Amino acid sequence: MREIVEAQGFDRAVDWPALTATFLAYVAEAVREEPGEACPGVRPLLEALARRDDVTLALGTGNFERGARAKLAAHGLDRYFATGGFGDDAIARDTILRAGIRRAEALRGRAFDRVVVIGDTPHDARAAAQVGAWSLCVATGPFPVDALAAAGATLVRRALAPAGEVIDALDALPACPTAGS
């Protein structure tokens with residue numbers, strides 16, 4: 001949204017709080033009308049990870065928090081994410097991830113020795129590397145497996161299923177030397 005406004009030269013004249021409120025109202029309406037679909041395998045994976053004491057689930061998204069939560073709520077997935085980093089925090093993906101990691105660590109009361117970013121774009125793989133995290137990129141969006149691998153994703157899969165295989169791959173990852181830095 002910011003990029004569009006700035007590209008049109010309106011950035012100095014924009015009432016950002018009003019524009020944001022209008023945008024979020026639009027997102028809420030759009031999600032009610034057309035909620036889309038959750039990626040196959042997401043719910044079983046989140047269920048399995050949420051049961052583990054050694055896992056903290058957090059969001060890392062360029063969406064405003066209210067918009068992201070509306071999208072997730074349409075599929076009953078918002079309950080898995082108590083915290084995260086959002087477009088409200090920053091524009092740069094690495095800064096968003098750092099904010100989410102800080103919040104998740106504060107929630108758990110400790111620093112993490114392993115962070116895994118799950119995403120579906122080359123940007124997700126690069127941002128994970130920038131914050132010292134591993135990345136699991138899934139070819140469920142517009143980017144094929146080879147593009148995700150070329151971007152430096154630690155792990156690449158065609159889907160998030162079966163959950164047991166995904167979790168085994170995540171568990172095999174060692175500690176991150178600079179997670180959250």
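**Digging into the pattern of salt bridges**
Inspection of the entire model under this criterion finds nine salt bridges. With a shortest N-O distance of 4.0 Å, Arg51 and Glu47 are connected by a salt bridge. Residue class for Glu47 comes out partly exposed when judged on its relative accessible area of 27%. Because the salt bridges share partners, they merge into one network encompassing Glu47, Arg51 and Arg79.

**Some thoughts on helix H8 (residues 163-171)**
By the burial criterion, the buried members of H8 are Ala163, Val166, Ile167 and Leu170. All buried residues of H8 project into a common sector of 95 degrees when viewed along the axis, lining one side.

**Remarks on the side chain of Asp124**
Along the chain, Asp124 turns up in helix H6 (residues 122-130). When neighbours within four sequence positions are excluded, Asp124 is seen to be in contact with Arg93, Val117 and Gly119.

**So, the environment of Leu46**
Take Leu46: it is sitting in helix H3 (residues 42-50). Exposure remark for Leu46: the relative accessible area of 9% places this residue in the buried category. Taking the C-alpha atoms as reference points, Leu46 and Thr95, 49 residues apart in sequence, are found 24 Å from one another. If near-sequence neighbours (up to four positions away) are discounted, Leu46 is found in contact with Leu57, Leu77, Tyr80 and Phe81.

**Concerning the confidence of the model for the protein**
Averaged over all residues, the pLDDT of the protein equals 93, while 97% of them reach at least 70. Averaged over each element, pLDDT in the protein is lowest for helix H1 (residues 2-7) (82) and highest for strand E2 (residues 84-85) (98).

**Examining unusual backbone geometry**
Most peptide bonds take the trans form, and the phi angle of most residues other than glycine is negative. For the bond from Ala161 to Pro162, the omega torsion is -10 degrees, close enough to zero to count as cis. For Pro162, the location among the structural elements is in the loop between strand E5 (155-157) and H8.

**Concerning the pairing of strand E3 (residues 116-119)**
Burial along E3 is one-sided: the face carrying Val117 and Gly119 is buried and the face carrying Val116 and Ile118 is not. With four bridges connecting them, E3 and strand E4 (residues 134-138) associate as parallel partners. Note on E4: the bridge partner recorded for Val116 is Trp134. Taking the sense of rotation as the criterion, the β-α-β connection linking E3, H6 and E4 turns out right-handed.

**Digging into the packing of aromatic side chains**
Given two aromatic rings, their pairing is described by the distance between the two centres and the angle made by the two planes. By the definition in use, this model includes one aromatic pair. A ring pair is formed by Phe23 and Phe64, whose centres lie 5.9 Å apart and whose planes are at 65 degrees; its orientation type is edge-to-face. You can see Phe23 sitting in helix H2 (residues 16-33) and its partner Phe64 sitting in the loop between strand E1 (59-60) and helix H4 (65-73), a full 41 residues away along the chain. Classification of Phe64 as buried rests on a relative accessible area of 19%.

**Focus on the packing of H2 against H4**
For the pair H2 and H4, the least separation of the axes is 9 Å and the interaxial angle reads 5 degrees. In terms of their interaxial angle, H2 and H4 are classed as roughly parallel. Contact with H2, carried on its side by Leu24, Val27 and Val31, involves Arg66, Gly67, Ala70 and Lys71 of H4 and no other residues of that element. Of the residues contributing to the contact of H2 with H4, the split by class is four nonpolar, one polar and two charged.

**With respect to the sheet that holds E4**
In spatial order, the strands read E3-E4-E5; together these three strands make up an open sheet with parallel pairing. If you trace the sheet from one side to the other, it starts and ends with E3 and E5, each paired once. Ignoring strand direction, the axes of neighbouring strands in this sheet form an average angle of 15 degrees. Contacting E3 and E4, H6 crosses the sheet at an angle of about 175 degrees to E4. Across the sheet, H8 is in contact with E3, E4 and E5; its angle to E5 comes to roughly 170 degrees.

Rules used in this analysis
- Residues numbered from 1 in each chain as written.
- Predicted model: local features only at pLDDT ≥ 70, side-chain atom pairs only at ≥ 80, totals over all residues.
- Heavy atoms only, no water.
- Salt bridge = Lys/Arg side-chain N within 4 Å of Asp/Glu carboxyl O.
- Buried < 20%, exposed > 50% of the residue type's maximum accessible area, 1.4 Å probe, protein only.
- Helix = DSSP H or I, 4+ residues; strand = E, 2+ residues; numbered from the N terminus.
- Arc of directions from axis to C-beta.
- Contact = heavy atoms within 4.5 Å.
- pLDDT = per-residue confidence, 0-100.
- Pairing = 2+ DSSP bridges.
- Right-handed = clockwise from strand over helix to strand, strands pointing away.
- Phe/Tyr/Trp six-rings, centres within 6.5 Å; stacked < 30°, edge-to-face > 60°.
- Axes fitted to C-alpha atoms, helices over the stretch in contact; angles between N-to-C directions.
- Parallel < 35°, antiparallel > 145°, perpendicular 65-115°, else oblique.
- Nonpolar A, V, L, I, M, F, W, Y, C, P; charged D, E, K, R; others polar.

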